[in-house]
Amino acid sequence: MYVGQAIRRREDDRFLLGRGSYVEDITLDDPIAHAAFVRSPHAHAAVTRVDAARAAAMPGVLAVLTGEDWTRAGNGEAEGVWPVKDMSGADARTVNRPFICVDGTVRCVGEIVAMVVAEDRHQAQDAAEAIEVDYEEKPANTLTARALDADTPLVHPAHGTNEVLVTEHGLKEETEAALAKAHHVTEVVVPTNRVTAASIEPRCYMGHHDTVNDRYTVWTTNQAPHIVRRYFTKSLNIPEHKLRVIAPDVGGGFGMKLYHYPEEALVLWGAIVSGRPVRWVGTRSECLLGDTHARDHHTVGRMGFDAEGRILGVKFETLGAFGAYESQWNASITNAYHFTMLSLAYDIPAIHTTVRAVYTNATPVDAYRGAGRPETVYQVERLIENGAHEMGIDPLELRARNLIPPEKFPYQTAIGITYDSGDPPALVEKARALANYDALRAEQAALRAEGQWMGIGICAFFDMAGAGPVKMMNDLGAKIGCYDVASVRVHPDGRITVFAGSHSHGQGHETTWSQIAADRLGCNIEHIDLVEGDTDRVPMGIGTWGSRSLSTAGMAVYTAADRVVAKSKRMAAHMLECAPEDLDLADGEFTVKGTDRKLSFAAVANASYHSGDRPPDLEIGLEETSFFDPADCTYPSAVHLCVVLVDPETCAVTLRDYWAVDDVGTVINPMVLEGQVHGGLAQGIGQALMEECAYDPESGQYLAGTFMDYAVPHAEDVPSFGLDSHFTRALGNPLGAKGAGESGTIGAPACVCNGVIDALWHLGVRQVTQPMTPKKIWRAIEDAQRAQQ
Amino acid sequence: MKPPRFRYLRAGSVDGAVQALADNPDARILAGGQSLIAMMNLRLVRPACLIDINRVPDLGYIREEGDGVAIGALARHNEVKHSELVRARCPLLTEAYESIAHHTVRNRGTLGGNLCHADPSSETPAVMIAVGATLVLQSVGGTRAVGAEDFFLGTYETAARQDEMLVEIRLPGRGADGWAFAEISNRHGDFAIAVIATTLSLENGRCAAARVVASGVGEHAARLVPAEQALVGGPVDETRLDAAAAAAAGAVDPHSDSHADAAYRRDAVAALTRRTVRRAAERCG
Ligand SMILES: Cc1cc2nc3c(=O)[nH]c(=O)nc-3n(C[C@H](O)[C@H](O)[C@H](O)COP(=O)(O)OP(=O)(O)OC[C@H]3O[C@@H](n4cnc5c(N)ncnc54)[C@H](O)[C@@H]3O)c2cc1C
């Protein structure tokens, strides 16, 4: 068996030796031209003049293109993948992110106003600088919290409001009643900070138009090449069968590389206009500004408890950021995914939430690892933490009193979603033991007596991963079918190629998909190759996002392999003159049960293609495809625990320990799982302590345009993680596997923030917003002490 | 973005470099490139010409000079950081290097380039002022020596003229008995939110001389004279620590930015002053 083994990642040789092939590495016979962009320096402005005459005459320039050219060419608009209707039943006030400014107004810093295509990158950049653009600045607002204030400037005045849509979920009356009768009510303002994925490989695209065959090719840093193909039917009106999309090695996606970005459409358009392949390689500054941002919710929460600390009800009012426009998926994050997990790992009888999605003059927001659920966990867990302190109940004990007991599964939450399986009390007990919780509390008390500030952070949650099923996701708003697909092709020599509609950009599919296939096919893993990320080689697919690939594409590999086994057994049975049921397939050989009669898998494969002697109704060939539509989402769960130390003089936070106990169902490869959890934790810790896509609130200027200004954690900023796991089986797929990609980012922000609050509670501090930089902690302590005087 | 066009000249000697500076009034010296190239890539600076000094022979020395140390303009950060001579004669600089940049940056970046860059949040200017270092500048007209205290004039602004090259940094021998460095930054290795570098000497249990130098909280690194005055003349006890910390906080006029606001920086200066003075006094023992 390969499944369950910590097999070394087969792709790592290539990556570790610098032999990966990324979009920037691709070479072509034709010389590749380069694109550069003129971007708005203003948060909101009318574009009154664009003069490209000087730029067009500069050395090496092949084309200069503006919004007028875009419109004249008959190009189109982006389209939402996941529109959500307003609760009134009306369509949302959607304004899609433009590829290039076409209506004479720019609405966030970085919006593209013009494009230059030139022989080389420097010439393109020089010419872009020579394009003269006049702007008339308009009032702007970059703060989500202020989006609906009466005096806030409108991003899209035609709509008369900055509100995109409003949705309500849960039990309104029950929640009000629960809060009214509660013994204690905790209220906290729980905003989440605006962050971005900051993948190591910047976004990068190349477009090519083969005029002889009238075919188009796009190489893209994208997680879902088949959806890119679909996007192009709208942006450049290219029919799907004429476009090949290749997503080669991609250096980190995290949801951020799921969209049809302006530059992606523009490079192919530039190639069509200039007759040359055109490439753009994003600089770090362009990417920190133009990659979709994430989170940025402004939420007020109220939680009611009975006298024993049992949660009676919880209510939230949220403003969810869109930024200046809708990126293709964002409605699904703010108004579909976000609310589904509000019950976390707790048995909460009444939950109600109102989410108003809003426009601001800032970069569009969309999914980033966790997509809506880090906000969910943060807002619920911050209330629980404060509630525990206010009621004088140990924070872990209060949580334990509220956990969903194992016998209640499948558990229908008050928000409407049903968790298929899980055992939160078991997770908590493992975390308690792993961290030696009681000893930590004793240490905390001893340190506090010496004037040292130590805090223990906790959170417990469920995730909704593995989208589909197709119908369920359609009902939540998806216009794409959330299945995935795989083909298993057995070659005449018995070697196997697996084709999958997923895309690996760090997940390790070459290893894990092969582990699954090898087990089903009873073959050596070395005999399997995986193909992903090329729409000409893999005809359909939905791609990798939302911790979905294992429970969709991975299961398609599983079922396609089973179909291959079934067919090959018929051929083998014919050759061995027995019934298919009498055959075992293992170690590359068919054996007739109870005998020593054998036939190699390779011989059967060869005969499947080349022998006329076969069962009369058996078709030639040995290749099967499975479109897998899961029976349910998956619901991974986890408990996190951490220890933080806050320096009483400088207020700097040291994260000393971090433990995570995850229930991800069946584990395919424990090492890959650990890697996923580690990476997610680091990103979640970054969100809690240092990352922020900051704007100057007055000028709307972007302040996080380099890695000197946007801090991501270094290895030394995170502790060595202590991990454990607990197994309950997912019911929606045959392997019982749940998603594992997002648990770290979903839990870590809440856990670390709760740790800091726990460290500072005795000083009167009740909330510090993320990222909890030294200056903010210092300020919170100052304010708390002033309030106490 | 990537840099606009520039001319590239490679100097084979210090004389050649300063001649090239004289001949090209909009030229800049290229040392490790760790600040200059990043700013050119962002098109924040646009020198028409770079004079690369990396091939100038024998300019990366770190050697004894009397009871002090002389450091050539091409000595890399990491060479200075790991120099036993520097550790013995100027341990404050060695201690400060624990907070400066990252290994790969230090492999290329030079101490000289760092000082000429004069970033207001940089650690090294504070150290240079605290130990009383001297910077040697050369042009076609000759050489001159400028005290560190007079070298830093503003953000990215120094006393070096456009036609002058920094050729050597001179650290005096151990003048003060005690020293300490402390910094706050959002992440280890980042530019500082606040830095204090302190040197002091005790005589018969009383503070005889003190330098308390701040960086990251003004246009350039500077001594906090009121804090020094609060220390000199008496024992370094809790009362004087408090007084020095308060005086230090009162002596700075920090800015607010996305990393920290002014009030926090002022409080940080007080905390770091207390911390460094206490440690420096302990080290006098
Ligand atoms: C990620 C990162 C983190 C960093 N963190 C820190 C930090 O924490 N603290 C810190 O202090 N610095 C930090 N730095 C900056 C680093 O110290 C640089 O090495 C230093 O600022 C410049 O040295 P250089 O040799 O690379 O000079 P260059 O970049 O080549 O030049 C810098 C400037 O000095 C001029 N110059 C260079 N040499 C001479 C000379 N001999 N005479 C006259 N002019 C000269 C150049 O013309 C240019 O204007 C960091 C840099 C990076 C990239």
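Draft legend 1. Spotlight on the sheet that holds strand 6 (residues 132–137) of chain A. Residue and element names in this part refer to chain A. Spatially, the 3 strands line up as an open sheet ordered 4-2-6, and their pairing is antiparallel. Unpaired on one side and paired on the other, strand 4 (105–106) and strand 6 mark the two borders of the sheet. In this structure, strand 2 (residues 45–51) lies alongside strand 6, joined through 6 bridges in antiparallel fashion. Residue pairing in the sheet places A45 in a bridge with E137 of strand 6.

Draft legend 2. The arrangement of the sheet that holds strand 25 (residues 589–592) of chain A in detail. All names here are of chain A. Spatially, 3 strands are ordered 24-25-26 in an open sheet, and the strand pairing comes out antiparallel. Edge positions in the sheet fall to strand 24 (583–586) and strand 26 (598–600), since each has one partner strand and no second. Across the sheet, the mean angle separating the axes of adjacent strands is 20° when strand polarity is ignored. Judged from the 4 bridges that link them, strand 24 and strand 25 form a sheet pairing that is antiparallel.

Draft legend 3. Local environment of the site of the ligand. All names here are of chain B. Not every one of the 30 residues close to the ligand is listed here, only the nearest: I29, S35, T110, S122 and E123. Contact distances for the ligand include 2.7 Å between an oxygen atom and a backbone N or O atom of G33. In this structure, S35 approaches the ligand through a side-chain N or O atom, which is 2.7 Å from an oxygen atom. Expressed as a share of its isolated accessible area of 970 Å², the protein-covered part of the ligand is 92%. Within the residue set of the shell around the ligand, elements represented by two or more residues are strand 2 (27–30), helix 7 (111–117) and strand 10 (165–171). Examining the composition of the shell around the ligand, we find that 4 residues originate from one element, helix 7, more than from any other. For the shell around the ligand, the per-class residue count stands at 13 nonpolar, 14 polar and 3 charged.

Draft legend 4. Molecular detail of the environment of F628 of chain A. Residues and elements named next belong to chain A. When you line up the elements, F628 lands in strand 27 (residues 623–628). Taking the C-alpha atoms as reference points, F628 and A553, 75 residues apart in sequence, are found 7.1 Å from one another. Those residues in contact with F628 that sit more than four places away from it in its chain are Y483, D484, S551, T552, M555, A556, T559, G732, N733 and P734.

Draft legend 5. Region of the structure containing the packing of aromatic side chains. Summed over the entire model, instances satisfying the criterion amount to 21 aromatic pairs over all chains. The interplanar angle of 65° and the centroid separation of 5.9 Å between the aromatic rings of Y259 of chain A and Y261 of chain A together place this pair among those described as edge-to-face. Taken as a pair, Y259 of chain A and Y261 of chain A share a single burial class, namely buried. Between F409 of chain A and Y411 of chain A the ring centres are 6.4 Å apart and the planes differ by 50°, which places this aromatic pair in the tilted class. You'll find F409 of chain A and Y411 of chain A in the same group, each marked buried. Ring-pair connections join several aromatic residues into one group, and the members of that group are F409, Y411, Y419, F462 and Y635 of chain A. One cation-aromatic arrangement involves R14 of chain A over F15 of chain A; the distance from NZ or CZ to the ring centre is 4.8 Å. Lying across the ring of Y61 of chain B, R63 of chain B places its NZ or CZ 3.8 Å from the centre.

Draft legend 6. Expanded view of the domain arrangement of chain A. All names here are of chain A. Splitting chain A by domain gives domain 1 (12–138 + 198–290), domain 2 (293–467 + 632–788) and domain 3 (484–628). On a C-alpha basis, the centres of domain 1 and domain 2 stand 35 Å from each other. Taken together, the contact between domain 1 and domain 2 spans 35 residues of the former and 32 residues of the latter. With both chains or domains summed, domain 1 and domain 2 bury close to 2800 Å², and 62% of this area falls on carbon and sulfur atoms.

Draft legend 7. The arrangement of the packing of helix 6 (residues 225–235) of chain A against helix 7 (residues 262–274) of chain A in detail. Residue and element names in this part refer to chain A. For the pair helix 6 and helix 7, the least separation of the axes is 11 Å and the interaxial angle reads 65°. Taken together, helix 6 and helix 7 sit at an angle that is classed as roughly perpendicular. As for how helix 6 packs across helix 7, the hand of that crossing is right-handed. Contacts from V228, F232 and S235 of helix 6 reach helix 7 at E264, A265 and L268.

Draft legend 8. Focus on helix 15 (residues 509–521) of chain A. All names here are of chain A. The first and last C-alpha atoms of helix 15 sit 17 Å apart over 13 residues, in line with the 18 Å expected at 1.5 Å per residue. Across the 13 residues of helix 15, 10 count as buried, placing the element largely inside the fold. Listed as buried for helix 15 are H509, T511, T512, W513, S514, Q515, I516, A517, A518 and L521. Contacts from the buried residues of helix 15 go to strand 21 (484–490), strand 22 (496–500), strand 23 (528–531), helix 16 (550–576), strand 24 and helix 18 (670–689). Looking one or two residues past helix 15, G522 carries a phi angle of roughly 60°, positive in sign.

Draft legend 9. The interface of chain B and chain A, seen in detail. Listed per partner, the contact involves 27 residues of chain B and 26 residues of chain A. Both faces considered, chain B and chain A share a buried interface measuring about 2400 Å² in area, 51% of it formed by carbon and sulfur atoms. Across the contact surface, chain B and chain A share 7 salt bridges. Of the charged contacts, one joins R46 of chain B and E129 of chain A as a salt bridge, the two residues approaching to 2.7 Å between their closest N and O atoms. Counting across the chain B and chain A interface gives 11 residue pairs in polar contact (both at pLDDT 80 or more). Broken down by class, the residue content of the side of chain B that touches chain A amounts to 11 nonpolar, 5 polar and 11 charged.

Draft legend 10. Seen up close, the domain arrangement of chain B. Residues and elements named next belong to chain B. For chain B, the assigned domains read domain 1 (7–52), domain 2 (62–171) and domain 3 (178–283). One C-alpha centre belongs to domain 2, the other to domain 3, and the line joining them spans 21 Å. Across the boundary between the two partners, domain 2 contributes 25 residues, which contact 25 residues of domain 3. Ranking the residues of domain 2 by area buried against domain 3 places L92, E95 and S121 at the top, with a combined share of 24%. One can count 4 salt bridges joining domain 2 with domain 3. Linking domain 2 with domain 3 are 11 residue pairs in polar contact (both at pLDDT 80 or more). With 6 residues, the single largest contributor to the side of domain 2 that touches domain 3 is helix 8 (residues 124–131). Taken together, the residues of the side of domain 2 that touches domain 3 sort by class into 13 nonpolar, 7 polar and 5 charged.

Draft legend 11. Geometry of the pattern of salt bridges. Residue and element names in this part refer to chain A. Here the structure, examined in full by the defined rule, presents 77 salt bridges over all chains. Two residues, E240 and R229, come together in a salt bridge whose shortest N-O distance is 3.1 Å. In this pair, E240 is assigned in the loop between helix 6 and strand 12 (243–246) and R229 in helix 6, connecting sequence segments 11 residues apart. For R229, a relative accessible area of 8% corresponds to the buried category. Here R656 and D657 are joined by a salt bridge, their closest N and O atoms 2.7 Å apart. Salt bridges here are not isolated pairs; linked through shared partners, they connect R39, R203, E263, E286 and D291.

Draft legend 12. Spatial organisation of empty space enclosed by the protein. Residues and elements named next belong to chain A. The tally for this structure, following the rule as stated, stands at 3 cavities of 30 Å³ or more. Reported here for the largest cavity is a volume of approximately 130 Å³. Taken together, 17 residues form the lining of the largest cavity, with R97, G110, E111, I112 and P262 sitting closest to its centre. Where the lining of the largest cavity is concerned, the elements lending two or more residues are helix 7 and helix 8 (284–290). Class assignment of the residues belonging to the lining of the largest cavity gives a composition of 10 nonpolar, 3 polar and 4 charged. Both domain 1 (12–138 + 198–290) and domain 2 (293–467 + 632–788) contribute no fewer than three residues apiece to the lining of the largest cavity. Lining of the second largest cavity is provided by K567, S568, M571, S608, L618, E619, G621 and L622.

Draft legend 13. Structural view of the layout of surface pockets. One number sums up the size of the second largest pocket: a volume of about 620 Å³. Listing elements by their share of the lining of the second largest pocket, those giving two or more residues are strand 28 (637–646), strand 29 (653–663) and helix 18 of chain A together with strand 11 (178–184) and helix 12 (262–284) of chain B.

Calculation rules
- Residues numbered from 1 in each chain as written.
- Chains lettered and ligands numbered in written order.
- Predicted model: local features only at pLDDT ≥ 70, side-chain atom pairs only at ≥ 80, totals over all residues.
- Heavy atoms only, no water.
- Pairing = 2+ DSSP bridges.
- Helix = DSSP H or I, 4+ residues; strand = E, 2+ residues; numbered from the N terminus.
- Axes fitted to C-alpha atoms, helices over the stretch in contact; angles between N-to-C directions.
- Near = heavy atom within 4 Å.
- Polar contact = N/O pair within 3.5 Å; in protein donor to acceptor, adjacent residues only side chain to side chain.
- Areas by Shrake-Rupley, 256 points an atom, 1.4 Å probe, with all protein chains shown as cover.
- Nonpolar A, V, L, I, M, F, W, Y, C, P; charged D, E, K, R; others polar.
- Contact = heavy atoms within 4.5 Å.
- Phe/Tyr/Trp six-rings, centres within 6.5 Å; stacked < 30°, edge-to-face > 60°.
- Buried < 20%, exposed > 50% of the residue type's maximum accessible area, 1.4 Å probe, protein only.
- Lys NZ or Arg CZ within 6 Å of the ring centre and 35° of its normal.
- Domains from an automatic or database assignment.
- Buried area = accessible area lost by both parts, 1.4 Å probe.
- Parallel < 35°, antiparallel > 145°, perpendicular 65-115°, else oblique.
- Left-handed = near helix turned anticlockwise from the far one by under 90°.
- Expected span 1.5 Å × (residues − 1).
- Salt bridge = Lys/Arg side-chain N within 4 Å of Asp/Glu carboxyl O.
- 1 Å grid on protein atoms, 1.4 Å probe; cavity = no way out; pocket = protein on both sides within 12 Å on 5 of 7 lines; lining within 4 Å.
- Points joined across faces, edges and corners; volume = space filled by probe spheres on them.

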